[in-house]
Amino acid sequence: MTEIQIDSLVSTNFFFKNQADFLRGKVRDVYFLGEDDVVLIATDRISAFDHVLPNAIPYKGQVLNQIASKFLDDTRHIVPNWKLAEPDPHATAGYKCTPYPVEFVVRGYLAGHAWREYSSGKREVCGVSLPEGLNQNDKLPTPILTPTTKAESGHDLDISYDEIITQKLIKKGELSKLKAYALALFEYGTQHADKQGLILVDTKYEFGKRNNEITLIDEIHTPDSSRYFYAEGYQDRQSAGEEQRQLSKEFVRQWLISEGFQGKEGQQIPEMSNEMVKSVSDRYIELFERITGEKFLKREYINIEQNIEDAINSYLASS
Ligand SMILES: Nc1ncnc2c1ncn2[C@@H]1O[C@H](COP(=O)(O)OP(=O)(O)O)[C@@H](O)[C@H]1O
Ligand SMILES: [Mg+2]
């Protein structure tokens, strides 16, 4: 049997000039520089059910970084965002912001968590009421916001607007601005997806504050933060009660479930074969090309860590 040689960027351990803090997220390595700057490196780690999987996926970091980077550029007219530059295919540099403790989930369709709540009988999610008679993956009458609190560990929790205000997480005036921003971004994402023959099902935004200005942070409209369906045949599949064709990491979740892993305590995270890693990597590249409509240009993996460090250092020296 021939072994497929697979290179990936699992983690980084850089030390930049003025480095003030470092945070290892599930997927991103976050470098805080001085008072005002941050560099996010999207590694090739993959997470599912709030767990980092044992295998990394070649090019996944590049896919995520470049999708987010493109959409940050394309939505600047809607809301100011944190991005300043993309010094490397795996890295984005920009303003450090103080994150709001709430994530803004927007849903145009009844899928995932919202569907599970609905099918268990609930007709209200995060204070938003839903009509009777909806099926899984049906289009909602209008996009809804279902915010969650950022849990330090484990699963995020649903929260309503009233609770956000009574728990003093966000001021009323700011919350209404954030709602309007999240919905406007979702409208943009929906129209862009439509041009690509896709449906933006749901997505998650994070906002922060910088110099007292509301700023979009983190990633946007990536397959890690969003669910997409193929538009073609959507209605036929709904009418026939069939599953939708997803363009997201749902296929990884399905594989994990088939291997007996749903993120529950005591369950063993399965390892992927090299063939599986390669096919997940190919799927991510397919996602990139479908979502952006652009050709994916594979980066070089030889000396990848040194190259990323050099690229960021030369960006920092010139900025
Ligand atoms: N501009 C920014 N300023 C400060 N923090 C940010 C900014 N952009 C993203 N972040 C934070 O960086 C982290 C990104 O790493 P990620 O792997 O997504 O972490 P997580 O495991 O929390 O999802 C998140 O905690 C996110 O809130
Ligand atoms: Mg994240």
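Residues numbered from 1 in each chain as written. Chains lettered and ligands numbered in written order. Predicted model: local features only at pLDDT ≥ 70, side-chain atom pairs only at ≥ 80, totals over all residues. Heavy atoms only, no water.

Q: Which parts of the structure should I look at to understand the pairing of strand β1 (residues 19-24)?
A: Within a regular beta strand, the side chains point alternately toward one face of the sheet and then the other, so they alternate between its two faces. One ladder, built from 5 bridges, connects β1 with strand β2 (residues 28-33); its direction is antiparallel. Paired with Arg24 across the strands is Asp29, a residue of β2. With antiparallel pairing between neighbouring strands as the criterion, β1 and β2 make up a hairpin whose turn holds 3 residues. (Pairing = 2+ DSSP bridges. Helix = DSSP H or I, 4+ residues; strand = E, 2+ residues; numbered from the N terminus.)

Q: When you look at the nonpolar core in this model, what are you seeing that I'm missing?
A: In globular proteins that are soluble, nonpolar side chains generally tend to be buried together. In terms of nonpolar packing, the biggest core is built from 75 residues, with Ile41, Phe104, Tyr205, Phe207, Met272 and Val280 touching the most fellow members. Per-element tally for this core: the top contributor is helix α7 (residues 274-292), with 8 residues. Taken together, domain 1 (19-97 + 274-318) and domain 2 (99-239) each give at least three residues to this core, which thus spans both. Residue contacts for Met272: discarding those within four places in its chain leaves Leu53, Asn55, Ile57, Val252, Trp255, Val277 and Val280. Core analysis: the next-biggest nonpolar cluster, separate from the first, contains 11 residues, Leu110, Ala114, Leu134 and Ile144 among them. (Core = buried A, V, L, I, M, F, W, Y, C linked by side-chain atoms within 4.5 Å. Buried < 20%, exposed > 50% of the residue type's maximum accessible area, 1.4 Å probe, protein only. Domains from an automatic or database assignment. Contact = heavy atoms within 4.5 Å.)

Q: Even after reading the chapter, I still don't get the site of ligand 1, so can you show me in this structure?
A: Inspection of the region around ligand 1 gives 16 residues, with Lys26, Val27, Arg28, Tyr95 and Glu206 positioned closest. Within the backbone of Arg28, one N or O atom sits 2.7 Å away from an oxygen atom of ligand 1. In the complex, 83% of the free accessible area of ligand 1, which totals 560 Å², lies under the protein chains. For the shell around ligand 1, the secondary-structure elements that each account for two or more residues are β2 and β3 (37-42). Looking at the shell around ligand 1 element by element, the count peaks at 3 residues for β2. Classifying every residue of the shell around ligand 1 gives 9 nonpolar, 1 polar and 6 charged. Two domains each put at least three residues into the shell around ligand 1: domain 1 (19-97 + 274-318) and domain 2 (99-239). (Near = heavy atom within 4 Å. Polar contact = N/O pair within 3.5 Å; in protein donor to acceptor, adjacent residues only side chain to side chain. Areas by Shrake-Rupley, 256 points an atom, 1.4 Å probe, with all protein chains shown as cover. Nonpolar A, V, L, I, M, F, W, Y, C, P; charged D, E, K, R; others polar.)

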